[in-house]
Amino acid sequence: MDNKAKILDIAMNLNRIGNWAVDDYDGKKTRIITFLNQTTGYISSIDQSSFNQPFKKTFDRFLLEYSKLEKNAKAGPANTLFWAEQAMTWGNILTHRSITI
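Presented here is an overview of the structure given in this document. (Residues numbered from 1 in each chain as written. Predicted model: local features only at pLDDT ≥ 70, side-chain atom pairs only at ≥ 80, totals over all residues. Heavy atoms only, no water.)

## Some thoughts on the overall build of the protein chain
In step 1: A count of helices and strands for the protein chain gives four helices and zero strands.
In step 2: What you see in the protein chain, going N to C, is helices and strands ordered as α-α-α-α.
In step 3: The C-alpha radius of gyration of the protein chain comes to 13 Å, within 12% of the 13 Å expected for a compact globule of 101 residues.
In step 4: The C-alpha extent of the protein chain, read off along each of the three principal axes, is 40 × 20 × 20 Å.
In step 5: Relative to its 101 residues, the protein chain shows a buried fraction of 40%. (Helix = DSSP H or I, 4+ residues; strand = E, 2+ residues; numbered from the N terminus. Rg over C-alpha atoms; globule rule 2.2 N^0.38 Å. Buried < 20%, exposed > 50% of the residue type's maximum accessible area, 1.4 Å probe, protein only.)

## Looking at the environment of Leu 36
In step 1: As for its placement among the helices and strands, Leu 36 is situated in helix H2 (residues 29–44).
In step 2: Each C-alpha atom of the pair Leu 36 and Arg 97 lies 21 Å from the other, and the pair is 61 residues apart in sequence.
In step 3: The contacts of Leu 36, once residues within four sequence positions are left out, are Ile 17, Tyr 66, Glu 70, Ala 73 and Trp 83. (Contact = heavy atoms within 4.5 Å.)

## Brief notes about the pattern of salt bridges
In step 1: By the definition in use, this model includes five salt bridges.
In step 2: A salt bridge links Glu 70 to Lys 74; the nearest nitrogen and oxygen atoms lie 3.5 Å apart. Of this pair, Glu 70 and Lys 74 both sit in helix H3 (residues 53–75), four residues apart, which is roughly one turn of the helix.
In step 3: Overlapping salt bridges, with partners in common, bring together Arg 61, Glu 65 and Lys 68 in one network. (Salt bridge = Lys/Arg side-chain N within 4 Å of Asp/Glu carboxyl O.)

## A short note on the packing of aromatic side chains
In step 1: In the structure shown here, the tally under the stated rule is eight aromatic pairs.
In step 2: Consider the rings of Phe 51 and Phe 55, whose centres lie 4.8 Å apart with planes at 75 degrees: the pair is edge-to-face. Take Phe 51 and Phe 55: they sit in the same class, and that class is buried.
In step 3: Here a set of aromatic residues connected by ring pairs shows up, and it is made of Phe 51, Phe 55, Phe 59, Phe 62, Tyr 66 and Trp 90.
In step 4: Cation over ring: Arg 31 sits above Trp 20, and NZ or CZ is 5.0 Å from the ring centre. (Phe/Tyr/Trp six-rings, centres within 6.5 Å; stacked < 30°, edge-to-face > 60°. Lys NZ or Arg CZ within 6 Å of the ring centre and 35° of its normal.)

So this is what it looks like as structure tokens:
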């Protein structure tokens, strides 16, 4: 699987996770954590050396935010709607920016 496909899988997972969190975070927490773990695996398998500079900046920022999202999800976010919005926002950003990879 190439980097672009992995980025799009990450983006899709973030949007799914965000939707589940909005619907019923507590009821779907196990599924959310499972997909976060899968997403983390995708992230660790990406070869960032092939990224062009504009996308690399976006991805570096994403990595900082993702670590916070993951940590908050596992602890149980204080505001699930805000958390979900952040996850979906990053999903949309990565989808849009993947065009430039």
